[in-house]
Amino acid sequence: MEDQQFRQEVRDWLSANFPPALTGVNGLIFQGDAHAAAANADFQVWRKAMADKGWGTPTWDKAYGGAGLSAAQAKIIAQELSAIGAFNPIRSYGTMMLGPTLLEFGTEEQRLQHLPRISTHELRWCQGFSEPGAGSDLASLQMKCVDAGDHWVVSGQKIWTSGADQADWCFALVRTDTSVKHGGISFLLIDMTSPGVEARPIVLISGSTHFCEVFFNDVKVPKGNLVGAVNQGWNIAKRLLQFERSSLSEVKTDVTPLAPIAHAMLGTDAEGRIADADARARIVHNAMRHAAYLQTVRRFNEEARNGGPGNGVSTLKNLWSNIVQRRAELLVEVLGADGLGWSGDAYPADAREATRALLHSKAFSIYGGSYEIQNNITAKRSLGLPDR
Amino acid sequence: MAVLNEEQTMLKDMVSQWVRDRMPVGVARGLYDHSGGGRKDATTGFDADAYAEVAAMGWSGILVPEAHGGSDFGAFSLGFVLEELARALSPLPLLSSAMVAVSALRLGGNAAQQSAWLPGLADGSIIGALAVDEGAHHLPDILALTATRAENGWRLDGIKRPVADGMGAGLFIVAARGDDGTALFLVPADAAGLTREPLDQIDARRPALLRFDGVVLGDDAMLGQGDALLSAILDRAYVGQAAELLGLATQAFETTLEYLKTRVQFGQLIGSFQALQHRASEMFGELQLTRSAVEAALVAIDADDPQLPSLASLAKAIANETAHRITCEMVQLHGGIGMTHEHDAGLYLKRSRVAEQAYGSSSFHRERWARLNGY
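Residues numbered from 1 in each chain as written. Chains lettered and ligands numbered in written order. Predicted model: local features only at pLDDT ≥ 70, side-chain atom pairs only at ≥ 80, totals over all residues. Heavy atoms only, no water.

### As for the pattern of salt bridges
Step number 1: In total, this model carries 42 salt bridges over all chains according to the counting rule given.
Step number 2: The shortest N-O distance in the salt bridge between B:Glu321 and B:Arg366 comes to 2.5 Å. Of this pair, B:Glu321 sits in helix 9 (residues 308–334) while B:Arg366 is found in helix 11 (residues 362–372), placing the two residues 45 residues apart along the sequence.
Step number 3: Residue B:Arg366 is classed as partly exposed on the basis of its relative accessible area of 23%.
Step number 4: Within the structure, one salt-bridge network assembled from shared partners comprises A:Asp269, A:Glu271, A:Arg273, A:Arg280, B:Glu367 and B:Arg371. (Salt bridge = Lys/Arg side-chain N within 4 Å of Asp/Glu carboxyl O. Helix = DSSP H or I, 4+ residues; strand = E, 2+ residues; numbered from the N terminus. Buried < 20%, exposed > 50% of the residue type's maximum accessible area, 1.4 Å probe, protein only.)

Structure (structure tokens):
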């Protein structure tokens, strides 16, 4: 009963506050691009409304800018957003990764300083984990963090930092002890406007400049910005990476149906089937695996709600990257030469977008723990296979 | 595994316990002679005594309405019973009789036909089997066995093969080509003009070759007409067979995993080699896809979901592929011992190949799914 009442309240509020112009718009555009977000008046109205209501981070305490709601109520909000083609304008690295981390490991002071400005999406956060020499072997990171009495001094380089050129703050893993590997890492919050921080965008094969390399040149960081205890950062990072992986595997892939495109580009036989039998067989095989993948996401979510094993995130991420990358390749294959354009009106806009998406999709099996690392994790955690 | 209610949890525990106590893989092995072929003295290719126990515990009546002596527990429950039993390759006609034949009577049978057959199928005194295939492939749209009008009834002529569990069945559901298209008949095994002989199949399960030589039936033997009825029955068969493949593949995987954790070469457990760990991780992923597809299809049966045909073909195609891959890996990762008849790997490989072909190969189901989904 209470749920029904709350659902009605959510519906009424959404119909009064969600700008209709944003219906069906992919919120990730604004999440990934600060300029697009700032330039869109509807987005700003929507962000402000959700921020004031605390519904972007509904389960957080009101003191942290949330709404103090239950998980069940948060789910109702998510369902109602999705039902009208709306998105959560507050969703960000801050809400998905740093927020849960501070709630679990941060001091009250750190939570009060940072969470309210995450729950309004006023400030953007980036994640400073990978380094040129520390990719899959993340714990080999070297960025120095030295105790200088009343502050820390940080120097080194991070890479593959999403949105660092637009970020206000960075949560980073730094080395506070060089004599041990995992036990010498700390978790530090760094203001990106500090002197000595420089973020440079990296141009990717898809043309995207979303990722950056970030240089830290003797950057002063206040003592109170270290989360948890000194040298305990690896445990925090492992927990945070779980938040990341679970948010990655929840990603709703915006799937272009392949059948109509294949019919148009490859023709149909007398029975209305895709005329190229070989391409058709491969498309169908992938589409069926994709359908089973979506069933698996639903099943894992249902099991997790009922206290199931919940160790399947690595398995799920690999199934996802494998199936979705294959799908992207098939789409571009079906587009033929139309799928090989970089720019220009000679190439249909949809086709150019599909091609960029294919190039971008190669990252799926690299970021958030590569395909090989996920297989290692599955082997050890889910299957109990030995180290030696 | 989906979330089970209390009754389902009890049933599942009961089945696993029974499989451990009564149905080790050795029972399936017992169907083979020493050279790895089927035993010539075996009559049915399944364990009739064990099936009587299964029936006494009520599993053969899971889909039968209470009015006819069953529990009406639903396909989802029968699905995990089939899965558990298939882990040990249990040679039982539960899929043929309790899933397929019972579904046929529920979907097509009139009140008199249901009263005549369902109680016997529920209590295990009669075993039912679907006779649909006639040649090398599952092609239910192309039937050669004919049903022609006879005085006060019908006359059937043709052959059916392979008919799973056909050597011990008392009732056949026969798919025939009539003047107006597909027709289904209830044919007692002792009908005049019907003869059967066993086929020595690689899994030692001895399916039957049935010969219909002027088998005359009354009008009351007609279960129904039309492709839709046969398709609806087959959807249940596809999903049930997929559930068995899931159980078979799961056990084949776990047995292989155990070997990786115990076999030592080069002074270390072979399960510590990354190349093998990654293969195991990928198999585990395929099993997850398969379980999701099978459970979704079982739920669709109970919900009368109009998407059932598509979900059933998805489940069967993926279960086929997964069981195929894992049984190949089971032999390969066991090395030489996996090639011996003494080891279980070969039993899983052979049973898997049979179950993959039964009720449609992967390509049959991919084609069917593709048509249903507009490819």
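### Some words on the domain arrangement of chain B
Residues and elements named next belong to chain B.
Step number 1: Split by domain assignment, chain B resolves into domain 1 (6–125), domain 2 (130–227) and domain 3 (234–372).
Step number 2: Look at where the C-alpha atoms of domain 1 and domain 2 centre, and you get two points 22 Å apart.
Step number 3: Taken residue by residue, the interface counts 25 residues in domain 1 and 19 residues in domain 2.
Step number 4: With both chains or domains summed, domain 1 and domain 2 bury close to 1,700 Å², and 57% of this area falls on carbon and sulfur atoms.
Step number 5: We note a salt bridge from Lys-40 to Asp-200, for which the minimum N-O separation is 3.2 Å.
Step number 6: Counting across the interface, domain 1 meets domain 2 through 11 residue pairs in polar contact (both at pLDDT 80 or more).
Step number 7: For the side of domain 1 that touches domain 2, the secondary structure elements donating two or more residues are helix 5 (94–108) and helix 6 (111–123).
Step number 8: When residues of the side of domain 1 that touches domain 2 are assigned to their parent elements, the largest contribution, six residues, is made by helix 5.
Step number 9: Of the residues belonging to the side of domain 1 that touches domain 2, the class tally is 13 nonpolar, 10 polar and two charged. (Domains from an automatic or database assignment. Contact = heavy atoms within 4.5 Å. Buried area = accessible area lost by both parts, 1.4 Å probe. Polar contact = N/O pair within 3.5 Å; in protein donor to acceptor, adjacent residues only side chain to side chain. Nonpolar A, V, L, I, M, F, W, Y, C, P; charged D, E, K, R; others polar.)

### What about the UniProt feature "domain: Acyl-CoA dehydrogenase/oxidase N-terminal" (unreviewed entry) in chain B?
Step number 1: In the numbering adopted here, UniProt assigns the feature "domain: Acyl-CoA dehydrogenase/oxidase N-terminal" (unreviewed entry) to residues 5–124 of chain B.
Step number 2: Helix makes up 60% of residues 5–124 of chain B and strand 0%, and the two end C-alpha atoms of the span are 26 Å apart. (UniProt positions renumbered as here; feature names shortened; annotations may be inferred.)

### Considering the side chain of B:Arg87
All names here are of chain B.
Step number 1: Checked against the element boundaries, Arg-87 lands in helix 4 (residues 75–87).
Step number 2: According to the relative accessible area criterion, Arg-87 is buried, its value standing at 18%.
Step number 3: Residues within four places of Arg-87 in sequence aside, it is in contact with Gly-247, Leu-248, Thr-250, Gln-251, Glu-254 and Tyr-348.

### Topic: the UniProt feature "domain: Acyl-CoA dehydrogenase/oxidase C-terminal" (unreviewed entry) in chain B
Step number 1: When the UniProt feature table is mapped to this numbering, "domain: Acyl-CoA dehydrogenase/oxidase C-terminal" (unreviewed entry) covers residues 231–371 of chain B.
Step number 2: Between the C-alpha atoms that bound residues 231–371 of chain B there is a distance of 14 Å. The span itself is 77% helix and 3% strand.

### Observations regarding the layout of surface pockets
Residues and elements named next belong to chain B.
Step number 1: The calculated volume of the second largest pocket comes to roughly 710 Å³.
Step number 2: Forming the walls of the second largest pocket are 39 residues, and the residues nearest its centre are Ala-164, Gln-201, Arg-351, Val-354 and Ala-358.
Step number 3: Contributing elements (two or more residues each) for the lining of the second largest pocket: helix 4, helix 5, strand 3 (153–163), helix 7 (227–260) and helix 10 (345–357).
Step number 4: Broken down by element, the residue count for the lining of the second largest pocket peaks at five residues, all from helix 10.
Step number 5: Residues belonging to the lining of the second largest pocket are distributed by class as follows: 22 nonpolar, eight polar and nine charged. (1 Å grid on protein atoms, 1.4 Å probe; cavity = no way out; pocket = protein on both sides within 12 Å on 5 of 7 lines; lining within 4 Å. Points joined across faces, edges and corners; volume = space filled by probe spheres on them.)

### Section: the side chain of B:Lys160
Residues and elements named next belong to chain B.
Step number 1: With respect to the helices and strands, the residue Lys-160 is situated in strand 3.
Step number 2: Note on Lys-160: relative accessible area 0%, which makes it buried.
Step number 3: A polar contact of 2.8 Å, which involves the side chain of Lys-160, links it to the backbone oxygen of Val-132.

### Some remarks on empty space enclosed by the protein
One simple way to see leftover space: roll a probe sized like a water molecule over the atoms.
Residues and elements named next belong to chain B.
Step number 1: Here the structure, examined in full by the defined rule, presents two cavities of 30 Å³ or more.
Step number 2: In this structure, the largest cavity encloses a volume near 60 Å³.
Step number 3: Forming the boundary of the largest cavity are Ala-28, Leu-31, Tyr-32, Leu-89, Pro-91, Asp-203, Arg-205, Leu-347 and Arg-351.
Step number 4: Grouping the constituent residues of the lining of the largest cavity by class yields six nonpolar, no polar and three charged.

### Focus: the packing of aromatic side chains
Residue and element names in this part refer to chain A.
Step number 1: Scanning all chains against the criterion turns up 22 aromatic pairs over all chains.
Step number 2: Ring centres 5.0 Å apart and planes at 65° place the aromatic pair Trp-13 and Trp-55 in the edge-to-face group. Pair noted here: Trp-13 is in helix 1 (residues 2–17) and Trp-55 is in the loop between helix 4 (41–53) and helix 5 (71–83), with a separation of 42 residues, a long-range link.
Step number 3: Residue Trp-13 is classed as buried on the basis of its relative accessible area of 15%.
Step number 4: Through pairs of rings, three or more aromatic residues link up here, namely Phe-6, Trp-13, Phe-18, Trp-46 and Trp-55.
Step number 5: The ring of Trp-55 carries the charged tip of Lys-53 above its face, separated from the ring centre by 5.0 Å.
Step number 6: One residue, Lys-223, lies across the ring of Trp-152, its end atom 5.0 Å from the ring centre. (Phe/Tyr/Trp six-rings, centres within 6.5 Å; stacked < 30°, edge-to-face > 60°. Lys NZ or Arg CZ within 6 Å of the ring centre and 35° of its normal.)

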